[in-house]
Amino acid sequence: MKGLYPKLAWQSLRHNGKFYFPYFLTILSTAAVFYIMLALAGASDLPNKIRYAYLSVFMEIGVFLVGVFAVIFLFYTNSFLMKRRTRELGLYNVLGMGKGNIAAVLIWETLILGLTGVIGGILTGMLLQRLMTLIIYRVIHFSTGFSFYISWPGIVVSCIFFGAVLLLNLICNLIRLGRQNPIAMMREGSAGEKEPKAKWLLALIGLGALGCGYYIALRVTSSLEAFSNYFLAVFLVVMGTYCLFTAGSITVLKILKKNKRYYYQTGHFITISGMLYRMKRNAVGLANICILCTMTLVMISGTVSLYLGTEGVVEVRTPADWTSTLRFRPDEGEPNFDGLTRRVEEIAASQGVPATESFGFLNSSQDLFLRDGALDTCPIDEQGTVTYDAELEVLFISLDAYNHLSGQSDTLDQGEVLVWSQGWQLPDTLTLPYRSYNPQDIAGEPRSFQIKEFLDDFPATGGWSPMISANNAETGGICVVVPDDATLLDLYDQFQTANGGSMSWTLFTTLSGTEEEKLDAYYATFLDYSEENYPDFTGTGTWLAFFTESKAMNLAECYNMNGGFFFLGVFLGVLFLMAAVLIIYYKQISEGYEDRQRFQIMQKVGLERRQIKRSINRQILVVFFLPLLVAALHLLFDFRLMVLLLQLFAMADVTLAATCSLVTFGVFAVLYVLVYRITARSYFKIVS
Amino acid sequence: MSLLEVTNLKKIYTTRFGGNAVQALCDVNFSVEQGEYVAIMGESGSGKTTLLNILAALDQPTGGSVRLSGRNMAEIRERDLAAFRRENLGFVFQEFNLLDTFSIEDNIFLPLVLAGKQYPEMAGRLQKLASRLGISDILKKYPYEVSGGQKQRAAVARALITEPQILLADEPTGALDSKATDSLLELFETVNAMGQTILMVTHSVKAASHASRVLFIKDGEVFHQLYRSGSTQEFYGRITDALTVLTAGGEKA
């Protein structure tokens, strides 16, 4: 008797291979992913430099998400499998196996699946670990290789975690088994189903929730608002999706059914009544697929946009290899610009990356309030009320600097300026009142300029320039090109009188050598803040602060973070896709069994094979492509939110984000169709 | 001319690899006249169901021919078969074969909807039929909400609503209790009295005794036939006798 249970368990697994093989694959792949994430999170020989600290954090987030996903998904699959098998177990019971015996078979099944799945998963994980490490290192632009190692904690945690999940599943199955009697079990599946009722209230709630979610997505105007409202919008859309799939679909079908002229037509008759039951059974599953698809799409398109936009973001912030910014107050003494330039070039030369070009220019960033087309230091009007359209950081640079940076050769007369403005419309005259908060205080003298031309593009000037917030409609950005440095200093004087603040001088240094050498040079000189090691700048005049940012370092840092997001996004996206595939597959199979009988009866009553096929095809198409369509709609509305959220990472390239979303959706749709076609084959095999 | 003529009908089943050949029907000959009520009897495995499947054009004979109103069913093209079946034949099955996803009313409408009829016409036909079959009260219900007898009446309604030339019934009383059986057989007699031709396959003597003629099939051949005379009770006795001879393995009468 002892050898019988494992044998029976093995046989029933093989007999139900159509259902259990995908389940096995799910255990295997989630265990593999789980182990890889754990191994990467705990990789001990990762360099502990600041710039790589993100990786383990990302992997820990990944472990958590994969864990949650695995629990939900394995529970879902298990309950589906057990429902399918109720009859078979009932038969065992009728044939004389006690519930204890059946429980023994179930325990053996879990043992077989668990051992092969989890151990196989960890082994697969080990095999893929090196590949994944290579991929992620490439993605985060990290060139040092590291050797393969076996993560024992990873193995132990994976085993315990999946063991616990499978054990919980088994306990649920045993409880279910204990509750049922054999006759009820045998009859399960053949009991008539009540026709679903139209749930108006739920359908309306769903419509309302979806509408609100979309409305939020359309109404939000700034990044921070997008961030704080994002989860509310997501929650509303998810709720709306579930309500509409379950109640909305049935309500619509019921309305169609009520219309007798429409309903009693060959095509509509079979399709509508079939769809009613199909939606009743599958609505939740389809909503799941839809949500999974949307999540995959949003995640992948967002992280891909972020990743591909990295270079652009870094370019705006640090256009040159070394971008140095000097803050000073002209009235406190003149800095020695040439001396600073020479000093930086000396440092570069001493580190083996001699400068090939240096360019310094004066500029002034002023925090101004836009009101009635004027840019003022004070947001309070004559009546004492605070009114303004926007608070803007306005950058002023001289014509020489602008021409040098942009490669143009514009000219300006005194009293003329060039303006680059995004998000806000300015009149033809630039008015700068320089008023003070307190009327008793001294204010600056008002200045005004004729705007010679509105510029379409503006060169990167480094630092947190108005360009970064330019695509944000609420904040916008304004840059002003004035005729010469004297005008620049005059404007600064007025600003300083009214408001205080400092003047800036920016130095771009172009270096020779490889990216890695430039990075090392920067590390060696500017990141060691101890007194004796930090570069000596004495004898370069009077100034407040001088600091240097490295493009190579910013790139490494950004790639590290965005690459981590990218890797996680794509990795989880693939996992979600796999889940969606599995749900589709199971749905196809269960639908197939349901439809087989109906198909046979209809044929006897005089329906042509062709017609049956056409009707079934139409239903299946609606059922499986509805989630994809709804996901596309969600993605469309989410796009605005995504663009705003990406601005939090200083990524403002809307075209790139749109391209990424479109390509992601395209690839996803192709994959989805492929999956559908493959699974549809097993469906038709069952039906005919 | 007879309504249904079956001549030299043969059916041989071969397994997939052509190994064993099983002869289900060897040489079946009979005809059914307009307005007749014929029962075909035989034991399990005698070829009854095969015969009915061929008559219903659900299966192709290996040899011989079936003519309905003089039209050879073998000559009907595959894609016209469904329409032919819909227009000329009505079916009643042992297990009712009602679709759970339709109400009783919609189940009855099914063949008409398939034929592309307009709703007012369908409703008109159903109204007449429903009161005759006593199912007016259950039209809005679903198959799983009504009794077996009611389900079978609904199935009969579905078969008759197309006004078929012949009603084919396969063990119609097989899944019914005795009370429902009596009422169904009564219904068949009424329908027959109104001119509907019925061909019923059964192994219930009681069901057969309501027919006007009984054909006995054994080993794929028509072995014997009895015409009704006298009361149902007397006919019942004669059928039982014939069956005794049949199962005792007697020679062809």
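Residues numbered from 1 in each chain as written. Chains lettered and ligands numbered in written order. Predicted model: local features only at pLDDT ≥ 70, side-chain atom pairs only at ≥ 80, totals over all residues. Heavy atoms only, no water.

Undergrad: Explain the state of the cysteines residue by residue, including any values.
TA: What we call a disulfide is simply a covalent bond connecting the sulfur atoms of a pair of cysteines. Residues and elements named next belong to chain A. Inspection of the entire model under this criterion finds zero disulfides over all chains. Distance from the sulfur of Cys-243, which forms no disulfide, to the nearest cysteine sulfur (Cys-212) is 12 Å. Judged by relative accessible area, which is 11%, Cys-243 ranks as buried. (Disulfide = S-S within 2.5 Å. Buried < 20%, exposed > 50% of the residue type's maximum accessible area, 1.4 Å probe, protein only.)

Undergrad: Outline unusual backbone geometry, supporting the account with residue identities and numerical values.
TA: In the Ramachandran plot, Tyr-434 of chain A falls in the positive-phi region, its phi being about 50 degrees despite a non-glycine side chain. Within the secondary structure, Tyr-434 of chain A sits in the loop between strand E6 (429–432) and strand E7 (447–454). According to the relative accessible area criterion, Tyr-434 of chain A is buried, its value standing at 0%. Not every positive phi belongs to a glycine, and Glu-163 of chain B is a case in point at roughly 50 degrees. The topology assignment puts Glu-163 of chain B in the loop between helix H5 (148–160) and strand E7 (166–170). (Helix = DSSP H or I, 4+ residues; strand = E, 2+ residues; numbered from the N terminus.)

Undergrad: Account for the confidence of the model for chain B, with residues named and values stated.
TA: Across chain B, the average pLDDT comes to 85, with 96% of residues at 70 or higher. What the predictor reports for the complex is a pTM of 0.76 with an ipTM of 0.74. (pLDDT = per-residue confidence, 0-100.)

Undergrad: Before we move on, can you summarise the interface of chain A and chain B with the specific residues and values?
TA: By convention, interface size is frequently given as the accessible area that disappears when the constituent parts associate. Residue-level contacts link 26 residues of chain A with 31 residues of chain B. Between chain A and chain B lies a buried interface of about 2500 Å² when both sides are counted; carbon and sulfur atoms form 63% of it. Contact with chain B buries area across many residues of chain A, yet Tyr-264, Lys-604 and Val-605 of chain A alone supply 27% of it, more than any other trio. Along the contact surface separating chain A from chain B lie zero salt bridges. Our count for the chain A to chain B interface comes out at three residue pairs in polar contact (both at pLDDT 80 or more). No other element matches the six residues that helix H17 (residues 551–605) of chain A contributes to the side of chain A that touches chain B. Of the residues contributing to the side of chain A that touches chain B, the split by class is nine nonpolar, seven polar and ten charged. (Contact = heavy atoms within 4.5 Å. Buried area = accessible area lost by both parts, 1.4 Å probe. Salt bridge = Lys/Arg side-chain N within 4 Å of Asp/Glu carboxyl O. Polar contact = N/O pair within 3.5 Å; in protein donor to acceptor, adjacent residues only side chain to side chain. Nonpolar A, V, L, I, M, F, W, Y, C, P; charged D, E, K, R; others polar.)

Undergrad: Explain a nonpolar patch on the surface residue by residue, including any values.
TA: Residues and elements named next belong to chain A. Judged by side-chain polarity, Val-57, Ile-61, Phe-64, Leu-65, Val-68 and Ile-72 come together as a nonpolar surface patch covering roughly 540 Å² of accessible area. Summarising the element assignment, Val-68 is placed in helix H3 (residues 53–94). You can call Val-68 partly exposed: its relative accessible area is 38%. (Patch = residues over 30% accessible without salt bridge, like charges linked within 9 Å, V, L, I, M, F, W, Y side chains within 5 Å. Areas by Shrake-Rupley, 256 points an atom, 1.4 Å probe, with all protein chains shown as cover.)

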